[in-house]
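# Structural description and commentary
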Amino acid sequence: MAYTMISATSFAVTLVLLATISISDAHLSSTFYDSTCPDALTTIRTAIRTAVSKERRMAASLIRLHFHDCFVQGCDASILLDDSTTIQTEKTALPNLNSVRGFQVIDNAKSQVEKVCPGVVSCADIVAVAARDASFAVGGPSWTVKLGRRDSTTASKSFANTDLPLFTDDLQTLISKFTNKGLTAKDMVTLSGAHTIGQAQCFTFRGRIYNNASDIDAGFASTRQRGCPSTSSTSNNQKLSALDLVTPNSFDNNYFKNLIQKKGLLQSDQVLFSGGSTDSIVSQYSQNPTAFKSDFAAAMIKMGDIQPLTGSAGIIRSICSAPN
């Protein structure tokens, strides 16, 4: 084996160059596909608008899909991977089982993009763009999505079970889980505002609406009981109820108004306004929808920065449910 001698100065320069390349590779950019796939964003937007126009609930599902992806291994589309001999899917982790949706919408968007520019756009980026387009389609904010993520070849059911928030989590647990991902308590409250749209399954709020606690409005509990029987069964557990009864299909600030009235559907919703450190944030957003939407956009951008695979890391999957 031959060795090449280099001077200390040359070695230092080489290290600087390598560091520069590493930093460059790790950089996400809103213009990432401008030259390699200029029609990517338009193609994705068309697919998402079509899906949401068919089912408004899908907007909430696509926003949640991005969130559940980024909180496990970073924003790498690991949540889209199916079981295989080498992969234990995140789809069957407790926070995802029979509840995370939108996979077929992402698959369709990926298929359409592949027709335009095969092998260029990652599934991770499609998930990120889909969340933005879904928000805007139901009256929520839009934002500039930073691009250049690559797709993982692995998934982690164990991390999905430990890192994702649960509907039973208390305030401090929620804050800790978001802090662990580089997000603040304010980011946590802001992103929870996505519950202004979407639906939850009966089993996730049954305990709350039947426990006669002081943190739930009695009339609200009675109304929700009509759609969620106290008896637990497979069919009853999966009965759906809107997270926001007032405007369930529109992205607005009613979620926060509901919390102040003790009408949060999930326990993990109501703890945001329960005499704790986040009460003031909820109050602000209940009075200022513009501030909420602006902060939501900023928080989504920040969440999209969680540990992306870039440069030579990861791959560009041909289909989103399996490594190439």
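### Details of the overall build of the protein chain
Along the backbone of the protein chain there are 15 helices and 2 strands. Scaling as 2.2 N^0.38, a compact globule of 324 residues should have a C-alpha radius of gyration of about 20 Å, and the protein chain matches this with 21 Å. Each principal axis of the C-alpha distribution contributes one length, and for the protein chain these read about 80 × 40 × 40 Å. The long-range fraction of contacts in the protein chain, counting pairs at least 24 apart against all pairs at least 6 apart in sequence, stands at 75%. Carbon together with sulfur atoms contributes 55% to the accessible area of the protein chain, which is approximately 14800 Å² in total. Placing the 29 positive and 26 negative side-chain charges of the protein chain at their respective mean positions leaves the two points 6 Å apart.

### A closer look at the packing of aromatic side chains
Applying the stated rule across the entire model yields 13 aromatic pairs. Ring centres of Phe71 and Phe178 lie 5.0 Å apart, and the angle between their planes is 65°; on these two criteria the pair is classed as edge-to-face. Pair noted here: Phe71 is in the loop between α3 (57-70) and α4 (103-116) and Phe178 is in helix α7 (residues 171-179), with a separation of 107 residues, a long-range link. Across the pair, exposure class does not vary: Phe71 and Phe178 are buried alike. When the centroid spacing of 5.5 Å and the interplanar angle of 5° are considered together, the rings of Phe251 and Phe292 count as stacked. Of this pair, Phe251 sits in the loop between β2 (240-242) and α12 (254-260) while Phe292 sits in helix α15 (residues 289-303), and the two are 41 residues apart along the sequence. You'll find Phe251 and Phe292 in the same group, each marked buried.

### A look at the environment of Lys293
With respect to the secondary-structure elements, Lys293 resides in helix α15. Sequence-wise, Lys293 and Leu191 are 102 residues apart; in three dimensions their C-alpha atoms are separated by 10 Å. Apart from the residues lying within four places of it in its own chain, the contact partners of Lys293 are Gly139, Pro141 and Phe251. Here the side chain of Lys293 touches Gly139 through a polar contact of 2.8 Å, landing on its backbone oxygen.

### Focus: the packing of α3 against α15
Viewed as axis vectors pointing N to C, α3 and α15 meet at an angle of 40°, and their least axial separation amounts to 10 Å. Taken together, α3 and α15 sit at an angle that is classed as oblique. Of the residues in α15, those touching α3 at Ile63, His66, Phe67 and Cys70 are Phe296, Met300 and Met303. Its residues assigned to classes, the contact of α3 with α15 comprises 6 nonpolar, 1 polar and no charged.

### Re empty space enclosed by the protein
Tallied over the entire structure, the rule returns 1 cavity of 30 Å³ or more. Counted as a void, the largest cavity has a volume near 60 Å³. Around the largest cavity, the lining residues are His66, Ala128, Trp143, Val145, Lys146, Arg149, Met300, Ile301, Gly304 and Asp305. Each residue belonging to the lining of the largest cavity can be placed in one class, and the counts come to 5 nonpolar, 2 polar and 3 charged.

### Some remarks on α3
The first and last C-alpha atoms of α3 sit 21 Å apart over 14 residues, in line with the 20 Å expected at 1.5 Å per residue. Where burial is concerned, most of α3 is hidden: 13 out of the 14 residues are buried.

### Section: the state of the cysteines
All told, the structure shown has 4 disulfides when counted by the stated rule. There is a disulfide in this structure between Cys37 and Cys117, and the S-S distance comes to 1.7 Å. Torsion about the S-S bond of the Cys37 and Cys117 cystine: about -45°, corresponding to left-handed handedness. Here Cys37, found in the loop between α1 (8-25) and α2 (40-54), pairs with Cys117, found in the loop between α4 and α5 (123-137); they are 80 residues apart in sequence, far enough to count as distant. Take Cys37 and Cys117: they sit in the same class, and that class is buried. Two residues, Cys202 and Cys228, share a disulfide whose sulfurs are 1.7 Å apart.

### A few points about the confidence of the model for the protein chain
Scored by pLDDT, the protein chain has a mean of 92; 92% of the residues are at 70 or more. When the criterion is pLDDT under 50, residues 1-25 qualifies, and its contacts beyond four places in sequence or with other chains add up to 3 contacts.

### Quick look at the side chain of Asp269
Among the secondary structure elements, Asp269 is positioned in helix α13 (residues 267-270). No salt bridge is formed by the buried Asp269. Its closest oppositely charged neighbour is Arg208, at 7.1 Å. Once residues lying within four places of it in the same chain are set aside, the contact partners of Asp269 are His195, Leu243, Tyr255, Leu259 and Gly264.

### Notes on the layout of surface pockets
The method is simple in principle: a probe with the dimensions of a water molecule rolls over the atoms, and the space it marks as empty is what remains. What the largest pocket holds in volume is close to 1000 Å³. Taken together, 44 residues form the lining of the largest pocket, with Arg64, His68, Pro95, His195 and Leu266 sitting closest to its centre. Among the elements that line the lining of the largest pocket, the one with the most residues is α3, at 8 residues. Its residues assigned to classes, the lining of the largest pocket shows 25 nonpolar, 15 polar and 4 charged.

Criteria and thresholds
Residues numbered from 1 in each chain as written. Predicted model: local features only at pLDDT ≥ 70, side-chain atom pairs only at ≥ 80, totals over all residues. Heavy atoms only, no water. Helix = DSSP H or I, 4+ residues; strand = E, 2+ residues; numbered from the N terminus. Rg over C-alpha atoms; globule rule 2.2 N^0.38 Å. Contact = heavy atoms within 4.5 Å. Areas by Shrake-Rupley, 256 points an atom, 1.4 Å probe, with all protein chains shown as cover. Lys, Arg positive; Asp, Glu negative; His and termini not counted. Charge placed at Lys NZ, Arg CZ, Asp CG, Glu CD. Phe/Tyr/Trp six-rings, centres within 6.5 Å; stacked < 30°, edge-to-face > 60°. Buried < 20%, exposed > 50% of the residue type's maximum accessible area, 1.4 Å probe, protein only. Polar contact = N/O pair within 3.5 Å; in protein donor to acceptor, adjacent residues only side chain to side chain. Axes fitted to C-alpha atoms, helices over the stretch in contact; angles between N-to-C directions. Parallel < 35°, antiparallel > 145°, perpendicular 65-115°, else oblique. Nonpolar A, V, L, I, M, F, W, Y, C, P; charged D, E, K, R; others polar. 1 Å grid on protein atoms, 1.4 Å probe; cavity = no way out; pocket = protein on both sides within 12 Å on 5 of 7 lines; lining within 4 Å. Points joined across faces, edges and corners; volume = space filled by probe spheres on them. Expected span 1.5 Å × (residues − 1). Disulfide = S-S within 2.5 Å. pLDDT = per-residue confidence, 0-100. Salt bridge = Lys/Arg side-chain N within 4 Å of Asp/Glu carboxyl O.

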